[in-house]
Amino acid sequence: MNWTQKPWAAARLPTHSRLLGLSAMAMLCCAGTASADDDFAWTASRLQQEKASFAQRQQTVLADRYDMTDRPATGATMSRGKPLQDGVRVKLPRGVTWERLAMLSPAEIKASNLWPAGFLPLPHPHHEVGGMVFPRVVIAETLRQTERDLTRFDLDFDLPDYFLPEFPPPLYLTTRSDLGDVSQGKLVTLANFNALFKDILNPKQLEGLRLLLTPFPQQQFNATDDRRSLKAHTGVACLDCHANGHTDAATHTSGDVRPNEYRHRIGTPSLRGVNIQRLFGSQRALKSVEDFTEFEQRGAYFDGTPADAARKGTNILERGSQVHFMAEFQALLDFPPAPKLDLFGKLLVAKATESELRGQALFFGKGQCASCHTPPYYTDSLMHNLKTERFFQESTVNGRTASADGPIKTLVLRGIKDSPPYLHDDRLMTLADTVEFFNLVLELKLIQQEKQDLVAFLRTL
Ligand code: HEC
Ligand code: HEC
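Basis of the calculations
Just so you know, the residues in each chain are numbered from 1, in the order the chain's sequence is written. Working convention: letters from A go to chains and numbers from 1 go to ligands, in the order in which they are written. Totals for whole chains, interfaces and linings use every residue, but because this is a predicted model, local features are given only for residues with pLDDT of at least 70 and side-chain atom pairs only at 80 or more, for both listing and counting. Just so you know, side-chain values use all the structure's heavy atoms and leave hydrogens and water out. Definition used in this section: a nonpolar core is a set of buried Ala, Val, Leu, Ile, Met, Phe, Trp, Tyr and Cys residues joined via side-chain atoms within 4.5 Å. Type-normalised accessible area, obtained with a 1.4 Å probe on protein chains alone, sets the label of each residue: buried when under 20%, exposed when over 50%, and partly exposed for intermediate values. What counts as a helix is a DSSP run of H or I of at least four residues, what counts as a strand is a run of E of at least two, and both are numbered from the N terminus. Each domain's limits were defined by an automated method or a database of domain assignments. For Phe, Tyr and Trp, where Trp contributes only its six-membered ring, two rings pair if their centres lie within 6.5 Å, and the inter-plane angle classes them as stacked under 30 degrees, edge-to-face over 60, or tilted in between. Counting as a charge over the ring demands two things of the Lys NZ or Arg CZ atom: a distance within 6 Å of the ring centre and an angle within 35 degrees of the ring normal. Coordinating donors are taken to be N, O and S atoms lying within 2.8 Å of the metal, or within 3.2 Å when the metal is Na, K or Ca; because water is excluded from the atom set, some sites may appear incomplete. The rule is simple: four donors are tetrahedral if all their angles sit between 85 and 135 degrees, four are square planar and six octahedral if opposite donors span more than 155 degrees and the others lie between 65 and 115, and anything that fits none of that is irregular. Taken from the helix axis, the directions to the C-beta atoms give the arc we talk about. We call a residue near a molecule or strand whenever a single non-hydrogen atom of that residue lies within 4 Å of it. Each polar contact in these results corresponds to two N or O atoms within 3.5 Å; when the atoms are within protein, one needs to be able to donate a hydrogen and the other to accept it, and residues that are neighboring in sequence are counted only if both atoms are side-chain atoms. Just so you know the grouping, Ala, Val, Leu, Ile, Met, Phe, Trp, Tyr, Cys and Pro go in nonpolar, Asp, Glu, Lys and Arg go in charged, and all remaining residues, Gly too, go in polar.

Student: How would you summarise the nonpolar core if you had to cite specific residues and measurements?
Tutor: Leu-101, Trp-115, Phe-119 and Phe-363 are the most contacted members of the largest nonpolar core, which totals 54 residues. Those elements that place two or more of their residues in this core are α4 (98-103), α13 (354-364), α14 (431-441) and α15 (448-458). Considering every element that reaches this core, the biggest residue donor is α14, with 6 residues. Three or more residues apiece are contributed to this core by two domains, here domain 1 (1-65 + 121-337) and domain 2 (95-118 + 338-461).

Right, here's the structure in full:
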């Protein structure tokens, strides 16, 4: 028997098993005598035993790359009041300052190995096995409300809560902006959505929301032995990741890259403002929310492996009566209020501080940010290749090969303070990190005051 055909043998087990110290021989020897139940219990117990060492490996990389301390900013919060984290968290290589680094050319930075490691692609919490992982707060609240447990027995989420979006996040509807946040401070689930929304949505939108909250089988959460939940599982809902139509920072590995070490870690993007977007997915560039909705169900949930989807219980959505309803609800999700912005997305002079106004001038001037992040929503709806590989040699860390990212869509900056961590793979913890990143990538040579002003402006969007 070929061990890769074992039901619990994940597609990428070869690398994984080497790391776990499990040899294919060891698996072969036990497989013949054990029942499927024993196999599952054995796999679960082995992976649970190995879990701590991989978690430790990831924490070591995080501590090497970032200042991971809890340092809330004063007077700057997300929409419902969670403090933003302050300061640059990416660590500098020994012996250089940000100012010195900015004076070097990309080739010099690469030759001297001075690219800060925190600017490299961030590995998934356990990159070799990948798949969807939920932050602890999400698991706890989902369990409390719906008795559905999103815990994986083989791995935990890796970043502390203070670097994540507020949870549960507020929910704003384009159709009822008079109401402000309509979530009433709750995580919207199957258990409460009807009471919360029956009087403010039409029946079609309500049905779309119900489908977005309904769990369906996925790669790691299903009823087969090839799952990563201890108990057979009903699955995962769209809004388990896009909590309240925003994001809870659940992470994943992108389905569309092979081999595995080149796959991007991929943080859940907010669905706020999908109505003004033209490209969906950081690299897939699908052209409609409808397409993305269908696509998530059929393939992405299963790491882009349709055969797994068929085996584990994929749920094919019907375009006319389901996909459109779900898309219609998604299109109602609005950005959070930005009281300092005018109708063109620019600062209202009477409301803005001096620093914010200077930051705006930099954003549209010396910083060149607006050539890609165009107002009023601060995206040009295009993909751009930032070519960060100009700055570093390819190398592999924790199973992730740092390499060229390729073209990525211009992420929307409207409401950006609510969506840490930053970049498609969550490699940057704070807005100050994003400014240092673009200062090098665009070779801007900003001075300290200019960087602070840009951060102040980003917080107003
Ligand atoms: C496991 C977490 C998870 C679940 C469950 C999930 N998504 Fe996503 N969603 C993501 C991630 C991660 C991306 C980014 C993908 C990429 O960049 O390639 C994404 C992207 C999207 C986008 C494109 C947003 C943009 O700005 O480009 C839409 C629309 C979307 N999801 C809708 C859905 C729908 C509808 C469902 C349910 C059918 C769903 N998602 C289920 C994590 C999830
Ligand atoms: C050449 C186009 C381009 C320019 C110029 C540009 N950006 Fe971006 N920006 C992008 C792209 C593409 C991404 C997504 C990159 C990724 O995820 O790897 C991005 C991402 C970001 C993010 C993170 C968004 C998120 O949701 O995580 C921030 C913040 C940001 N840019 C700020 C800036 C600032 C500030 C400037 C000017 C100093 C700037 N950008 C200039 C294209 C650009």
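Student: Let's hear about the packing of aromatic side chains: which residues, and what values?
Tutor: Evaluated as defined, the whole model comprises 17 aromatic pairs. By the ring-pair criterion, three or more aromatic residues cluster together here, those being Trp-98, Trp-115, Phe-119, Phe-391, Phe-437 and Phe-438. A cation sits over an aromatic face here: Arg-227 above Phe-40, 4.0 Å from the ring centre. Geometry around Phe-364 places Lys-346 over its ring, the cationic atom sitting 4.4 Å from the centre.

Student: Tell me about the coordination of the iron atom of ligand 1, residues and numbers included.
Tutor: On the protein side, the iron atom of ligand 1 has His-242 (NE2) and Glu-296 (OE) as donor atoms, found 2.1 to 2.2 Å from it. In this structure, the iron atom of ligand 1 is surrounded by 6 donor atoms whose angles at the metal cover 80 to 179°, and the resulting shape is octahedral. Here His-242 is found in the loop between α9 (238-241) and β3 (251-253), whereas its partner Glu-296 is found in helix α10 (residues 289-298), with 54 residues between them in sequence. Given a relative accessible area of 11%, His-242 falls into the buried group.

Student: Help me get a handle on α13, residues and values and all.
Tutor: Along α13, the residues classified as buried are Ser-355, Glu-356, Gly-359, Gln-360, Leu-362 and Phe-363. The buried residues of α13 all sit within an arc of 160° when viewed along its axis, so they share a single face.

Student: How would you explain the site of ligand 1 if you had to name every residue and give the values?
Tutor: In the region of ligand 1, 26 residues are neighbours, and Cys-238, Cys-241, His-242, Ser-282 and Glu-296 sit closest. Within the side chain of His-242, one N or O atom sits 2.9 Å away from a nitrogen atom of ligand 1. Interatomic distance of 2.7 Å between a side-chain N/O atom of Glu-296 and a nitrogen atom of ligand 1. Contributing elements (two or more residues each) for the shell around ligand 1: α9, β4 (265-267) and α10. With 4 residues, the single largest contributor to the shell around ligand 1 is α10. Partitioning the shell around ligand 1 into residue classes produces 13 nonpolar, 10 polar and 3 charged.

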